[in-house]
Amino acid sequence: AAIASMEIGLLLKDDVFVDFFNTFLNLPVFGQTPLYISGTGQWDLWPELPSHLDPSPTALLAWLEKHRLPHFCKSSLCLHLVLCQKLLGFIRSGEAAELLNWQSADQWLLEKCISGSQGMLHFRAFVQGTAGEELVDFWLTTERLLDLDESDTSQRDLHLSLIHRLKATHLREGSSVVTLCTTIAGSLPKAKHIQSLSNRRDILRKMQEQALFMLQSYWLPKFFTHCKIGIEKEESCQLLLQKYQERLLQANCQEPSGFSETLPTMHIKRGQGLSGPYCSQKAKAKIWALVKEGRCIQEMKMPSFHMKPERQPGSAGSTRKSHLEKDALGSVPQQSERPANTAFGSKGVTSPRRPRPSAEQVIHLADLCKEKILSNLPSSAPPVQLPSLKEPVKTLSFLHWALSAETCAGRPFRDFLKHQDRSMETHLLDLWHDLEEFLPVVLDSRRENSFFLRHLTGDKICKTYLEEDSTEKLPLETRTLTGLWNHLMFGEFSPWIFRAQKEICKVLCRFYEEFLADDDKTFLQFMSPGNDVPMPDNQGCTADRGECFLLSQRINQTLMLSQALHGTRNLEGVSSEYWQLLAARDLQKGGSTQAEMELLLCST
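Residues numbered from 1 in each chain as written. Predicted model: local features only at pLDDT ≥ 70, side-chain atom pairs only at ≥ 80, totals over all residues. Heavy atoms only, no water.

Peer 1: Sorry if this is basic, but what is going on with helix α14 (residues 238-248) here?
Peer 2: The α-helix winds at 3.6 residues per turn, so residues separated by three or four positions along the chain end up facing the same way. Listed as buried for α14 are Leu240, Leu241 and Tyr244. Seen along its axis, α14 keeps its buried residues to an arc of 100°; they face one direction. (Buried < 20%, exposed > 50% of the residue type's maximum accessible area, 1.4 Å probe, protein only. Helix = DSSP H or I, 4+ residues; strand = E, 2+ residues; numbered from the N terminus. Arc of directions from axis to C-beta.)

Peer 1: What exactly am I supposed to notice about the UniProt feature "domain: RGS" (unreviewed entry) in the protein chain here?
Peer 2: UniProt's entry tags residues 109-145 with the feature "domain: RGS" (unreviewed entry), counted in the numbering of this structure. Summarising residues 109-145: 89% helix, 0% strand, and an end-to-end C-alpha distance of 32 Å. (UniProt positions renumbered as here; feature names shortened; annotations may be inferred.)

Peer 1: Which parts of the structure should I look at to understand the environment of Ile163?
Peer 2: Inspection of the secondary structure assignment puts Ile163 in helix α10 (residues 156-168). Along the primary structure Ile163 and Leu145 are separated by 18 residues, whereas in three dimensions their C-alpha atoms are 7.7 Å apart. Apart from the residues within four sequence positions on either side, Ile163 is in contact with Leu145 and Arg200. (Contact = heavy atoms within 4.5 Å.)

Peer 1: Would you take a moment to explain the side chain of Lys284 for this structure?
Peer 2: Locating Lys284 in the fold gives a position in helix α15 (residues 280-293). One buried charged residue, Lys284, remains without a salt bridge, the closest side chain of opposite sign being Asp519 at 7.7 Å. At 2.9 Å, the side chain of Lys284 and the backbone oxygen of Pro28 are in polar contact. When residues no more than four places from it in sequence are discounted, the contact partners of Lys284 are Pro28, Val29, Phe30, Gly31, Trp46, Phe398, Trp401, Tyr512 and Leu516. (Lys, Arg positive; Asp, Glu negative; His and termini not counted. Salt bridge = Lys/Arg side-chain N within 4 Å of Asp/Glu carboxyl O. Polar contact = N/O pair within 3.5 Å; in protein donor to acceptor, adjacent residues only side chain to side chain.)

Peer 1: I tried to follow the environment of Arg454 on my own but got confused; where do I start?
Peer 2: Looking at the element boundaries, Arg454 is found in helix α20 (residues 450-466). As for Arg454 and Phe493, which are separated by 39 residues in sequence, their C-alpha atoms are 9.1 Å apart. At a separation of 2.6 Å, a polar atom in the side chain of Arg454 contacts the main-chain carbonyl oxygen of Gly491.

Peer 1: How should the pattern of salt bridges be read in this particular structure?
Peer 2: Side chains that carry opposite charge are capable of pairing whenever their charged atoms lie near each other. For the structure on display, the rule yields 13 salt bridges. Asp519 is the partner of Arg68 in a salt bridge, and the nearest nitrogen-oxygen pair spans 2.9 Å. One end of the pair, Arg68, is in the loop between α3 (57-67) and α4 (69-72); the other, Asp519, is in helix α23 (residues 496-527), and 451 residues separate them in sequence. Residue Arg68 is classed as buried on the basis of its relative accessible area, which comes to 2%. Looking at Asp519, the relative accessible area reads 9%, which means it is buried. The salt bridge involving Asp459 is made with Lys463; its shortest N-O contact spans 3.2 Å. One end of the pair is Asp459 and the other is Lys463, both in helix α20 and 4 residues apart, which spans about a single turn.

Peer 1: Would you mind going over the nonpolar core with me for this structure?
Peer 2: Buried together is how nonpolar side chains tend to be arranged in soluble globular proteins. Ranked by size, the top nonpolar core spans 151 residues in total, and within it Leu12, Phe17, Phe21, Trp43, Phe72, Phe123 and Phe413 carry the most contacts. No other element matches α23, which puts 15 residues into this core. Beyond its immediate sequence surroundings of up to four residues, Leu12 is in contact with Phe17, Val18, Phe21, Tyr36, Trp43, Leu61, Leu263 and Met266. (Core = buried A, V, L, I, M, F, W, Y, C linked by side-chain atoms within 4.5 Å.)

Peer 1: I keep staring at the side chain of Ser528 and nothing clicks. Help me out?
Peer 2: Residue placement: Ser528 occurs in the loop between α23 and α24 (545-566). Here the side chain of Ser528 touches Leu524 through a polar contact of 2.6 Å, landing on its backbone oxygen.

Peer 1: Explanation requested: the packing of aromatic side chains in the structure shown.
Peer 2: The description of an aromatic ring pair rests on the distance of the ring centres and on the angle between the ring planes. Scanning the model with the defined rule gives 20 aromatic pairs in all. Considering the side-chain rings of Trp63 and Phe523, the 4.6 Å spacing of their centres and the 65° angle between planes classify their relative orientation as edge-to-face. Of the two residues, Trp63 is situated in helix α3 and Phe523 in helix α23; the sequence distance between them amounts to 460 residues. When sorted by exposure, Trp63 lands in the same class as Phe523, which is buried. When the ring of Trp288 is compared with that of Trp401, the centres are 5.2 Å apart and the planes differ by 35°; the resulting orientation is tilted. In this pair, Trp288 is assigned in helix α15 and Trp401 in helix α17 (residues 395-408), connecting sequence segments 113 residues apart. Residue class for Trp288 comes out buried when judged on its relative accessible area of 5%. Assessed through its relative accessible area of 1%, Trp401 is described here as buried. Following the ring pairs from residue to residue traces out a cluster consisting of Phe17, Phe21, Phe24, Phe30 and Phe72. Above the plane of the ring of Trp108 lies Arg247, whose end atom (NZ or CZ) is 4.2 Å from the centre. Note that Arg510 overlies the ring of Phe511, its terminal NZ or CZ placed 4.2 Å from the centroid. (Phe/Tyr/Trp six-rings, centres within 6.5 Å; stacked < 30°, edge-to-face > 60°. Lys NZ or Arg CZ within 6 Å of the ring centre and 35° of its normal.)

Peer 1: Explain helix α18 (residues 412-419) to me, please; I cannot follow it from the model alone.
Peer 2: Taken together, the buried positions of α18 are Pro412, Phe413, Phe416 and Leu417. The arc that holds every buried residue of α18, seen down its axis, measures 145°, which confines them to one face. Pointing more than 90 degrees away from the buried face of α18 are the exposed residues Lys418 and His419. At its buried positions, α18 is contacted by α4, α17, α19 (423-443) and α23. Positioned one or two residues after α18, Asp421 has a phi angle of 60°, which is positive.

Take a look at the structure:
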């Protein structure tokens, strides 16, 4: 809320905000995806504007403030920005220097390591599998909850969903959060009646402050030690290590805060310009073709991992391991076993015996699993082997890509549907996203609280969309709905999830095209007031194939980064790539977004 109330020009003086905002702006759900280089004040627009227009930076800022910033403030990237700012505030404070005996050089190094969306991803990868992971998740969920207006009916469902999520995970007896906050948690997790709103909010806020203090005072110093060891070993970080050692010799060196008092003159980069009508849909189709067909540039190593069986409360049986192929969204499964203890929140509903699927159904579902892939393009792909695009790409082929991005982008497409009074389509989109949120939880039992979350989410989906009074409202095939119900009511994975998402995409495709056209129209109205600008035709990306490939990489890498922070993509363990990105990352030269491109250019 505080960020939403600020002027965009003031926000852009903060390099950390710019990094998170750039990541958000490049998510492929949107039509126009600009990139801001704060060190030079330059905006790179994509798609480019028609060549006869002379765009104004002031108009661009006005458009961003009205049509991008509100969605950013509802995104998980914004929550990570707020947490990053809290951690940076502690690092820069005299309290940290006194408590942890940090010198200014130490503060400089830690600030560089944790700043930006890539820095927060590194921190989250570091605490993965520890009590620190649960503290981060609790802080982010609570921050989202406390920012909601409980009296607003439009926010009530989200509010209740977050409350149920907290009670099933972090406020459960024995959790790291409750153990840490025992003195202030009191009887909150065991309360049988609804407490007053102010009392509940006060307790949650105090618990959140306690969790944040533990992250600052315990996990940040451990992360700092981890970073020092990492940059000493990594060859690409030797220049960074040298700068750190030089600062150690400069006592009481005053380090910049990352907040620029004055900005370079802001301007919009003039490229080739469009010779025809402006149409982000056509440009996006061409980029998507490069993302998708880039898989054929060279053979990819598709590492597999085992879904480990977990101990389930009251379960006497065991779960057989399933071999899963990993894709850019997380995992593409083949089959899963029903847990021994299947009854959870079913309220007496009896599941009919499942019929054995026919060979034709199995093959069809396997094909669906393969279609639900966002390519993790190899960074060493040589641009001389770029695919040729012979046939036009239809919107339906990249809609899954766009909706995956919408999950991380504050749900702008959903807002469009609500504004158009499309209640059925909004309901379908909500189901698509709930299924998307369910997949990583059910496929990776190593996640904190995965057993409780998958049953909670599966039960929610069944009650909200699949019960008899709801089924008639969904224009999906009966066998698809039955397949979902038979598995999700037990918190199990089902290949029918992919079938349902594909059917939903077919219904929503036309409306997504309308959303992109509306986004284009609004953007052009801001950038060319009073001018008659030709609207969508067959205009695509005017850049050459090499530039288009880099654009596809930039947008796809941005999506994968956002998914990892949001939780719809599995976090990778800390690897040498993190250190290479740290060495390449400069917040004033494109930050996390450009660092990925630096690695790509170096490798090719």
